[in-house]
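Secondary and tertiary structure notes
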Amino acid sequence: MRNHFLIVVLLLLINTNAKGQSSSSFTISGYVKEHGSGELLPGVSIYHPLLQKGVTTNSYGFYSLTLPSGKHSLRFSFVGYETVVKEWDLIKDVEFDISLKPSTTELTSVEVVAEKLEKKSEESQMSTLEVPIRSIQELPAFMGEKDVLKVLQLMPGVQSGSEGNSGLYVRGGGPDQNLVILDDAIVYNAYHLFGFFSLFNGDALKSVELYKGGFPSRFGGRLSSVVKMDMKDGNKEELKGKYGIGLISSNLTLEGPIKKEKSSFLVSGRRTYIDVLSLPFQDPEYRTAYYFYDLNAKFNQEFSNRDKLYVSGYFGKDKFKTIDKEYDYNNRAGWDNATATVRWNHQFNNKLFGNTSIVFSKYNFFIREEEKDDDESFELSYSSGIKDFSLKFDFDFFPRPEHSIKYGISTTRHSFTPSALVIKDSYTEPLNSGNVYNSFESAVYLEDDMRLLNRLNINAGFRLSHFAYGKKSYINPEPRLSMAYMLKDDFSVKASYSKMNQYIHLLSNSGIGLPTDLWVSSTDRVKPQSSQQVALGFAKDYIEKNLTFSLEGYYKKSEDVINYKEGASFLVLDNPFSTQELRWEDNVTSGEAWSYGAEFLVQRKYGKFTGWIGYTLSWTQLQFEELNNGNKFFARYDRRHDASVVGIYQMSEKVTLSGAWVYGTGNNFTLPTNTYRSVYHTFENTHYFSSEQVDYYEEKNNFRAESYHRIDLSIQLHKKKEKGIRTWEFSLYNAYSRKNPFFYYIYSTYSGNQIENKLTKVTIFPILPSVTYKFEF
Amino acid sequence: MKKTIYIFLAISLLVLAGCEEVVEPDKIKDSKRFIVVTSLISPQSSEILAEVSWSRPVFGIVPDYYENPDIIDNAQVQLSDGTTSVSLIYNEDKRLYTIDASALPIVTGGTYFIEVTVENQTVRGECTVPDLIPIKEMYLSSKNGWEVDITMSWEDNPDQTNYYRVGGYSLAENDRSYSNLYFNSEEFKSDVNRDGMVISAKGEAYLYNQHGETNRVKGVLISSDKNYYDYFKNQNLYSSDDPFSEPVILGSNIEGGLGLFAAYQFYEEIREF
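Residues numbered from 1 in each chain as written. Chains lettered and ligands numbered in written order. Predicted model: local features only at pLDDT ≥ 70, side-chain atom pairs only at ≥ 80, totals over all residues. Heavy atoms only, no water.

When its secondary structure is counted, chain A shows 6 helices and 49 strands. For 777 residues, the compact-globule estimate of 2.2 N^0.38 gives 28 Å, and the C-alpha radius of gyration of chain A, at 28 Å, lies within 12% of that figure. Expressed as a percentage of its 777 residues, the buried residues of chain A come to 60%. Intrachain contacts of chain A at a sequence separation of at least 6 include 65% that bridge at least 24 residues. Approximately 31,000 Å² of chain A is accessible, and the part contributed by carbon and sulfur atoms is 56%. Of the charged side chains in chain A, 89 are positive and 92 negative, and the gap between their average positions amounts to 7 Å. (Helix = DSSP H or I, 4+ residues; strand = E, 2+ residues; numbered from the N terminus. Rg over C-alpha atoms; globule rule 2.2 N^0.38 Å. Buried < 20%, exposed > 50% of the residue type's maximum accessible area, 1.4 Å probe, protein only. Contact = heavy atoms within 4.5 Å. Areas by Shrake-Rupley, 256 points an atom, 1.4 Å probe, with all protein chains shown as cover. Lys, Arg positive; Asp, Glu negative; His and termini not counted. Charge placed at Lys NZ, Arg CZ, Asp CG, Glu CD.)

Structural data, given as structure tokens:
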């Protein structure tokens, strides 16, 4: 640990020395904000067209560009905002903050758009996806509930699991291999209601980025993807808000200044009301109820241009309740997530920007049962979960226009509670069991985004990760490289390599995101998972047409991935007493995974008509010594073809139309091909041969389900009112009511002496209409 | 608590009222049937038994469901120790192939082969008899008047992989079995990571005499080959009422067919308590 700090201090020293390197150069630095709200804008391109050099703003809107003395003109551009060109005659360092105006659709002509577009082909980074928050609000959503993760599922390389589920399967990896971060805090269970909805409806978010390969070295800890979400800071100029009323939930977002231009807040909440609506229809003696809620809150304070403080948090809960008055029985179960982040930005000088974060994250699943019967009583409380405390230091250093350097250090203490059980009843001694297991995960990283020879952009980085559990400790170097070579001004070839390690694992065999899924630590017996990925691709911008085109091929090999052993079940809760002795390590087995494929994306991010077409061709195979007789098999969500067509058309100021069509090869299921008679052996040393049939599986995942497809459509009607804009939205999920499979089971019919087995497909979502009302002020 | 989980599932499925449809799984529908051979051999058994049957393809019609149409009564069943070979004879009453153990003694360390021919199709199995491992200690302690905790321990044979299964009964009058000894997750043990060490398993049982009189408890230690262990351990995991459990493959060591040909040693001991 001490060594890590030394490295940081060393890097700091290098920085201060670098400052005075060339006296004929000067630095332009500052912050880019949104006009009207004061919201800091990350990812804004600041470009010098003559020198063909540029930088982008960091996560906190900061930029710094060092140029030789003389006349310069810089272009500030960002998708969805009007481009600003600013000129200087540099004779000294300049501090320049700028506000960009959101551009309105009506203004959009082809010429203007050409200016606005940031070029995909120029970025050294590959395998990234950005979804404009606006399209999340405009695309049709299941039951009218906007869902960030479900919009990401529409992108190539990102797949959904089973019907309606929010989990992301990125390049063959499962939802457990995604690093989902909200304001630097890891979100452990990003789902409501068994995964049918995600925690993120987008109302409180400023940006969403997804990395599926070529990971920058500032990210680590998961094998397959990084979903980075940042909450809005809150409007610094005026009080703004919106509320929405939908079929199953309502939401409200409020943001505004506390002290104008200095501090602001944001609060955004959502709650379902099936429980309240169904109450009058239920037997008062026996009631069941379910609800979930989300609450995002953020506060920020600008002490000076160089020091800013952000405090943000997320709280969410799902809860089931059963109350039986007749038997004096009540049962509560649910799960909750909470994250809290405190960040302090400090700008050391005009080239060095630092951020310190203290992060707390918690996920907890619980069951409580109480039963009273005259003089007897029984109380049970079960919980499992994970709790994290992290400390992070991140620095952005801009020594010259050719180099943007990021480095930092982080450490996290994970506390796992695989199962804690408390039982009290009238007869036996109270039982109180449950152990907390602590582990530490730390990393140092350094990355440099280089623009060399005008044509070659490279992001090279290195991450050293460390994990300690008890006496066992793992240390792993993780080299990362991503590069783009511009063959033409708007056409580049890209390549990347990344090595990842994952030290904590999700035990889940349901595959549908049940809250009983359990996070566990790597131990001396269960090794960390690791992966290596290479990708090669092309990116082309058609500037006049406002289109971005990319084609990528990837190959990913993962080691020590974990899976349940045959026969293992997630219902470890079956017998509460057994959980004390249950060693999850005995239930899992390690193996290898291979994923490879190609992804194609053509996207139009700006204009009256926006959207994308994505196609993925992929293969995912697994091999475990203890599964499937040691033979390779295709993963459950191995998907040969996956396609999506997504469009949003702003017909007029009053009408927005949108639609999304998706197609995917069916999931794999394991079905028995034969059944046969079994034998039992008793402890009296007799055997009996039973006609009870056991299933014989030729191989795992031997049955490919029907392909999945559906179209979702929506129309939004906007109207300007005195106090704001109201929107009615009508949408159809699965508009042509395709009977997509959710799962299959074998149904037996008996007639006389005869039995017939049939395979039965269960579909859960036929056509589902929904309506929502929204008001923005 | 399982109830709670089912309440979850029931609510969510009610909310999301599903619909069902019968489909035809082409590839799986055409799967063939296999010859199933099941035989367990042990030096402690006086008779050698084997059952031969057909497996049933999962989809399609099974006539005479209750009449055991699967049993094959015209197979040729040969058992050999590598030098001597004997034929097992079909017994109409038991619906099994049998022979007296004296015809081919089953001995510790011996390797045996089974060969079954049905309609010109032959399937084979092979197994080796492990060592007999005695119970070293059996420690009983009363929880209350009617339940008892049991700890059974034994010494593992070093330098070989050994597989164990533990169980037994609490006994009533005339040593009649009264209640099973429940070892739950400790019923099956192997010596992986504890080769040559003393291995123990914890279990519990209900007592027959609940008023302070002497009770008798029978402990059993089965030492087996891997085939036996895999099959019965997985059989224990087999739970048809858990829709989310991973499919269980019982494991078959019958080449060309399905089933089990396995060897074990049976050791029992009675303790008074």
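That was the structure; now back to the text.
Looking only at helices and strands, chain B features 3 helices and 18 strands. Expressed as a percentage of its 273 residues, the buried residues of chain B come to 50%. Long-range pairs, those at least 24 residues apart, make up 65% of the contacts in chain B between residues at least 6 apart in sequence. Of the roughly 13,000 Å² of accessible surface on chain B, a fraction of 47% belongs to carbon and sulfur atoms.

Overall, the coordinates contain 52 aromatic pairs over all chains when judged by the stated rule. Here the aromatic rings of Tyr 60 of chain A and Tyr 310 of chain A are separated by 5.7 Å at their centres, their planes lie at 40 degrees, and the arrangement is tilted. With Tyr 60 of chain A in the loop between strand E3 (53-56) and strand E4 (62-68) and Tyr 310 of chain A in strand E22 (residues 307-324), the pair connects residues that are 250 residues apart, well separated along the chain. Side by side, Tyr 60 of chain A and Tyr 310 of chain A carry an identical accessibility label, which is buried. An aromatic cluster of at least three residues, connected via ring pairs, comprises Phe 142, Phe 196, Phe 197, Tyr 290, Phe 292, Phe 320, Trp 335, Tyr 733, Phe 742, Phe 743 and Phe 765 of chain A. The cationic tip of Arg 640 of chain A hangs over the ring face of Phe 634 of chain A; the distance from NZ or CZ to the ring centre is 5.1 Å. Sitting over the face of the ring of Trp 54 of chain B, Arg 33 of chain B holds its NZ or CZ atom 4.1 Å from the ring centroid. (Phe/Tyr/Trp six-rings, centres within 6.5 Å; stacked < 30°, edge-to-face > 60°. Lys NZ or Arg CZ within 6 Å of the ring centre and 35° of its normal.)

The next thing to look at is the environment of Ile 274 of chain A. All names here are of chain A. Along the chain, Ile 274 falls in helix H5 (residues 274-278). Given the relative accessible area of 32%, Ile 274 is considered partly exposed. Ile 274 sits 17 residues away from Tyr 291 along the chain, and the two C-alpha atoms are 6.8 Å apart. Non-local contacts of Ile 274, meaning those with residues more than four positions away in its chain, are made with Ile 248 and Tyr 290.

Another point: a nonpolar patch on the surface. Residues and elements named next belong to chain A. Taken together, the side chains of Phe 609, Tyr 649, Met 651, Leu 657, Ile 715, Trp 728 and Phe 730 define a hydrophobic patch exposed on the protein surface, amounting to about 600 Å² of accessible area. Tracing the backbone shows Tyr 649 in strand E39 (residues 641-650). For Tyr 649, a relative accessible area of 33% gives the class partly exposed. (Patch = residues over 30% accessible without salt bridge, like charges linked within 9 Å, V, L, I, M, F, W, Y side chains within 5 Å. Salt bridge = Lys/Arg side-chain N within 4 Å of Asp/Glu carboxyl O.)

The subject of this paragraph is the sheet that holds strand E43 (residues 687-696) of chain A. Read from one edge of the open sheet, 3 strands run E43(A)-E42(A)-E4(B), paired in antiparallel fashion. Strands at the two margins of the open sheet, each flanked by one partner only, are E43 of chain A together with strand E4 (56-57) of chain B. By the bridge criterion, 2 bridges tie strand E42 (residues 674-681) of chain A to E4 of chain B in an arrangement that is antiparallel. What sits directly across from Asn 674 of chain A, in E4 of chain B, is Pro 57 of chain B. (Pairing = 2+ DSSP bridges.)

Residue and element names in this part refer to chain A. Within this structure, the stated rule accounts for 53 salt bridges over all chains. A salt bridge links Arg 306 to Glu 95; the shortest N-O distance between them is 3.3 Å. Placement of Arg 306 in the loop between strand E21 (286-304) and E22 and of Glu 95 in strand E7 (residues 94-95) is noted, with a sequence separation of 211 residues between them. Ionic pairing is found between Lys 362 and Asp 336, a salt bridge with its closest N-O pair at 4.0 Å. Of this pair, Lys 362 sits in strand E24 (residues 352-373) while Asp 336 sits in strand E23 (residues 329-347), and the two are 26 residues apart along the sequence. If you follow the salt bridges from partner to partner, you end up with Glu 39, Asp 183, Asp 184, Lys 206, Asp 233, Lys 298, Arg 343, Lys 392 and Asp 394 in one network.

What follows covers the confidence of the model for chain B. The share of residues in chain B with pLDDT of 70 or more is 86%, and the mean pLDDT across the chain is 84. The ipTM assigned to the predicted complex is 0.88, against a pTM of 0.84. (pLDDT = per-residue confidence, 0-100.)

Quick look at the nonpolar core now. Counting 87 residues, the largest nonpolar core has Leu 152, Phe 200, Leu 205 and Met 229 of chain A as its most contacted members. Look past the residues within four positions of Leu 152 of chain A in its chain and what remains in contact with it is Val 131, Val 158, Leu 168, Val 208, Leu 210 and Val 227 of chain A. Grouped together as the second largest cluster of nonpolar side chains are 29 residues, Ile 71, Leu 104, Ile 106 and Ala 263 of chain B included. (Core = buried A, V, L, I, M, F, W, Y, C linked by side-chain atoms within 4.5 Å.)

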